[in-house]
Amino acid sequence: MNIALIAHDKKKKNLIDFVTAYQNIFKEHQLFATGTTGKLIQKETGLTIYRFQSGPLGGDQQIGAKIANDEMDMIIFFRDPLTAQPHEPDVSALLRLCDVYKVPLATNQASAEIMVRGLQNGWLDWRSIKDKREIYDD
Ligand SMILES: O=C(CO)COP(=O)(O)O
């Protein structure tokens, strides 16, 4: 599965700890991240991560493009709901595209725990079905 990892600044340590805890699961997948998040996770865990631009410089939009191209299976985005972001429109656009394309999205640790355990249990295997859009079409 292609998994995107993103965290706003005040949530980065939270995400690093989370990825470290579930490293054995994450290492079986293709990991992507916005620039700074990816750099820090890579440094702490040694996982291989493809890094896009930093969020404020377009990273969220690059991940959004992957979603629109059906190239992203899961998004873990530890958002900071208490700090204004200069690129808030990009963040909203990314979240919106997850809904448009029905891509599983966790915006906090509690949801991410369930998603990662689901990933391990095969609950996201439907993502690899070629015609999944038809299955989930409205
Ligand atoms: O701002 C972000 C997501 O909106 C995250 O970007 P960085 O990982 O580059 O800090």
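This is a predicted model, so every value here is computed, not measured.

1. Looking at the UniProt feature "active site" (unreviewed entry) in the chain
Phase 1 of the analysis: Per the UniProt record, "active site" (unreviewed entry) is found at Asp60.
Phase 2 of the analysis: Looking at the element boundaries, Asp60 is found in helix 4 (residues 59–68).
Phase 3 of the analysis: For Asp60, a count of 28 C-beta atoms within 10 Å translates into the label buried.
Phase 4 of the analysis: Excluding its chain neighbours within four sequence positions, the residues that come into contact with Asp60 are Thr34, Gly55, His87, Asp90, Val91 and Leu94.

2. Remarks on the packing of helix 4 against helix 5 (residues 88–100)
Phase 1 of the analysis: It is the contact of helix 4 with helix 5, at a shortest axis distance of 9 Å, that shows an interaxial angle of 15°. One finds that helix 4 runs roughly parallel with respect to helix 5. As helix 4 packs across helix 5, the resulting crossing turns out to be left-handed. Packed against helix 4, whose contacting residues are Asp60, Gln61, Ile63, Gly64, Ile67 and Ala68, the element helix 5 presents Asp90, Val91, Ala93, Leu94, Leu97 and Cys98 at the interface.
Phase 2 of the analysis: Counted by class, the contact of helix 4 with helix 5 contains eight nonpolar, two polar and two charged residues.

3. Looking at the site of the ligand
Phase 1 of the analysis: For the ligand, the full set of nearby residues is Ile6, His8, Thr34, Gly35, Thr36, Thr37, Ser54, Gly55, Pro56, Gly59, Asp60 and Val91.
Phase 2 of the analysis: The set of elements that each furnish at least two residues to the shell around the ligand consists of helix 3 (35–45) and helix 4.
Phase 3 of the analysis: Here the shell around the ligand gets three residues from one element, more than from any other, and that element is helix 3.
Phase 4 of the analysis: Residue classes in the shell around the ligand are distributed as three nonpolar, eight polar and one charged.

Parameters at a glance
Residues numbered from 1 in each chain as written. Predicted model: local features only at pLDDT ≥ 70, side-chain atom pairs only at ≥ 80, totals over all residues. UniProt positions renumbered as here; feature names shortened; annotations may be inferred. Helix = DSSP H or I, 4+ residues; strand = E, 2+ residues; numbered from the N terminus. Buried ≥ 20, exposed ≤ 12 C-beta atoms within 10 Å, placed from the backbone. Contact = placed C-beta atoms within 7 Å. Axes fitted to C-alpha atoms, helices over the stretch in contact; angles between N-to-C directions. Parallel < 35°, antiparallel > 145°, perpendicular 65-115°, else oblique. Left-handed = near helix turned anticlockwise from the far one by under 90°. Nonpolar A, V, L, I, M, F, W, Y, C, P; charged D, E, K, R; others polar. Near = placed C-beta within 6 Å.

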